[in-house]
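Each chain is listed here by its residues.
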Amino acid sequence: MSAGILALKPGRERSLLRRHPWIFSGAIETVRGSPESGGTVEVRAADGRFLAWAAYSPASQIRARAWSFDEAEQPGPEMFQRKIATALALRKGSIAAGTTDAMRLVHAESDGLPGLIADRYADTLVVQILSAGCERWRETLLDLLREASGCVRVYERSDADVRELEGLPLRAGALHGPAPEGPVGIVEHGIRYDVDVVAGQKTGFYLDQRENRRRAGLLARDREVLNCFCYTGGFTLSALAGGARSVLSVDSSAPALDAARANLALNRLDAARAEWLEADVFAALRRLREQGRQFDLIVLDPPKFAPTPKDAERAARGYKDINLSAFRLLRPGGLLATFSCSGGVSPELFQKIVAGAAADAGVALLLRERFAAAPDHPVRMEFPEGEYLKGLLLERR
Ligand code: SAH
C-alpha cells in the first residue's frame, strides 16, 4: 500500500527506467495523497505508467529514493529480508574466508537499500540509518540485520551530517546488547586493529581501503614510506608488516594518531621504524620538502574534498596541491599511491587532476595500477555514484 503517488514531469522518467534510484524534487510534477516522511509512494511517469516504489523524503532535494522497480515487489519485511540476504551472499562470494572479520555488509544504494549502511566488526554490527525511508523502517531493518549477521551487539552511528538533509536528527547509541566498553578488535589480512565504533570516524574504520592497504604493504619492502592522512594507521601497519624500512605517518587528528600507535603495539611490529606527525598534510608536505626529505613510497588518502559535483572545482585545487607536493618528495623509482573518495570527482577527472599536478611538478610518471574500493563496497552500473573511491599507483621515472 502506498500513501501517495509522485507523478513525474514529462521526460523525467528516463533515469528511473535505467533503474537509477534517486528522484529529485525538480522532476516531480505533482504529489498526490499526503505521504509522510519515509512513507512509501508510487512513482509514475507523466503518462501514468508505473516506474518504482520509493520512500518519500519531503525535506531533501532527493525527494524520493526507489526501493523497487517491480510493481509486484512492494517494500516490506519480505523485500528487505531478500535484499539483506542478497547483500550478505555477495560478501560471502567475494571476500575469501580468513581475509578479515570486518566488512561492510550493506552499502546503501549499491545494495538496493538507499541510506542504509551496516558494517560488521567481529561480532559487533554498526549501523547508519541515513535516509527517511530507512528511518521509517528502522525496527524491521535492525531486526533483520541482527538476525542475518548473527552479531551479538548492534550499535547505531546515525550521527552523519547527511541525516540533516533528510530532516532527521543525529542519533547514536547501543541498540542491542551492551554498549561496547572499549574498542572492538578486528583482524584484516593478518593485522590487528582496535576499532572505536563509538567515537571513531564514520563507523570506526575505513573498510573500503582493505585491499589497497594490502597492496601497499606488498609494495613497501625496503622502502622509506610517507603515509599522509594515516587515521588509525591502516597503511602504516600494512607497510611495516610488508618490510618497509621506515614509515612517517601524518594526520591532523590527535585521537587518530593515539589509536594508530595503540594499533602498532597490538601487532608484533618494530615501533622504532614508525615516526608520527600530528599536522595538517598540506603544510607538512611543504615542510618536508624544505627539510630535504625524500621517500620511496607515498600514500595520499585524504578525506572527501567534494561530496557532490558542485564542489569539484575546489576539490580539484586540493588534490592538485597535495599530489604536486608529493611528487616533489618522491625519489626516482619511487611510488605514489594517491586516492580520492570524493563522489563529486569522477575517476577520469581525478586522473586529469593528478596528471596536471605531474606536469606542473615537471616529473615523468608511469601509471602502474588503478585502485578501487574493496568488493564489500560494490558498484552498480546503474548507480555510478557508488564508485566514489578511486586511486592511482604512479611510479616516478
Ligand atoms: N588511510 C586511512 C583513512 C584516512 S581517512 C585508513 O586506511 O584507515 C582521512 C584522515 O585524514 C582522517 O584521519 C582525518 O583525521 C585526516 N585529515 C583530514 N584533513 C586533514 C588534514 N588537512 N591534514 C591531516 N590530516 C587530515
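The structure this text deals with has already been given above.
Overview of the structure.

1. Quick look at the site of the ligand
Around the ligand, a shell composed of 15 residues is seen, among which Arg213, Asp251, Asp280, Val281 and Asp301 lie nearest. Within the backbone of Ser252, an N or O atom sits 3.1 Å from a nitrogen atom of the ligand. Taking 590 Å² as the accessible area of the ligand by itself, protein coverage stands at 89%. Its residues assigned to classes, the shell around the ligand comprises 8 nonpolar, 3 polar and 4 charged.

2. Quick word on the side chain of Asn323
With respect to the helices, strands and loops of the structure, Asn323 is situated in helix H10 (residues 312-328). Under the relative-accessibility criterion, Asn323 is labelled buried at 0%. At 2.6 Å, the side chain of Asn323 forms a polar contact with the side chain of Thr338. Apart from residues no more than four positions distant in its own chain, Asn323 is found in contact with Leu300, Leu336, Thr338, Val354 and Ala357.

3. With respect to the pattern of salt bridges
With the rule as written, the count across this model stands at 32 salt bridges. Between Arg163 and Glu135 there is a salt bridge, and its shortest N-O distance comes to 2.7 Å. A residue pair is termed long-range when its members are at least 10 positions apart, and Arg163 in helix H5 (residues 162-165) and Glu135 in helix H3 (residues 132-136) qualify at 28 residues. Glu135 carries the same exposure label as Arg163, and that label is buried. Notably, a salt bridge pairs Asp376 with Arg210, separated by 2.7 Å at the nearest N-O pair. With a gap of 166 residues between them, Asp376 in the loop between strand E19 (365-372) and strand E20 (390-396) and Arg210 in helix H6 (residues 210-219) connect regions that are remote in the sequence. Residue Arg210 is classed as buried on the basis of its relative accessible area, which comes to 0%. It is possible to trace a salt-bridge network through shared partners that takes in Glu135, Arg138, Glu139, Glu156, Arg163 and Arg171.

4. Thoughts on the nonpolar core
With 39 residues, the main nonpolar core has Tyr121, Ile186, Phe205, Val225, Leu264 and Phe339 as its most contacted residues. Looking at this core, the elements that each hand over two or more residues are strand E12 (184-188), strand E13 (191-195), H6, helix H7 (234-241), helix H8 (254-266), strand E16 (274-278), strand E17 (295-300) and strand E18 (330-340). Broken down by element, this core gets its largest block of residues, 4 residues, from H7. Setting aside chain neighbours within four positions, we find Val225 in contact with Ala220, Ala239, Ala244, Ser246, Val247, Leu248, Phe295 and Leu297. Core analysis: the next-biggest nonpolar cluster, separate from the first, contains 36 residues, Leu248, Ala306, Leu330 and Val363 among them.

5. Re unusual backbone geometry
With a phi close to 50°, Ala108 is a non-glycine residue in the positive phi region. With respect to the helices and strands, Ala108 occurs in the loop between strand E7 (102-107) and strand E8 (116-121). Look at Lys202: it is not a glycine, yet its phi comes out positive at around 50°. If you trace the backbone, Lys202 turns up in the loop between E13 and H6.

6. Some points on the environment of Gln61
Locating Gln61 in the fold gives a position in the loop between strand E5 (50-56) and strand E6 (62-68). For Gln61, a relative accessible area of 53% puts it in the exposed group.

7. Let's talk about helix H9 (residues 281-290)
Listed as buried for H9 are Val281, Ala284, Leu285 and Leu288. When H9 is viewed along its axis, its buried side chains cluster within an angular range of 100° and face the same direction.

The rules behind each value
- Residues numbered from 1 in each chain as written.
- Predicted model: local features only at pLDDT ≥ 70, side-chain atom pairs only at ≥ 80, totals over all residues.
- Heavy atoms only, no water.
- Near = heavy atom within 4 Å.
- Polar contact = N/O pair within 3.5 Å; in protein donor to acceptor, adjacent residues only side chain to side chain.
- Areas by Shrake-Rupley, 256 points an atom, 1.4 Å probe, with all protein chains shown as cover.
- Nonpolar A, V, L, I, M, F, W, Y, C, P; charged D, E, K, R; others polar.
- Helix = DSSP H or I, 4+ residues; strand = E, 2+ residues; numbered from the N terminus.
- Buried < 20%, exposed > 50% of the residue type's maximum accessible area, 1.4 Å probe, protein only.
- Contact = heavy atoms within 4.5 Å.
- Salt bridge = Lys/Arg side-chain N within 4 Å of Asp/Glu carboxyl O.
- Core = buried A, V, L, I, M, F, W, Y, C linked by side-chain atoms within 4.5 Å.
- Arc of directions from axis to C-beta.

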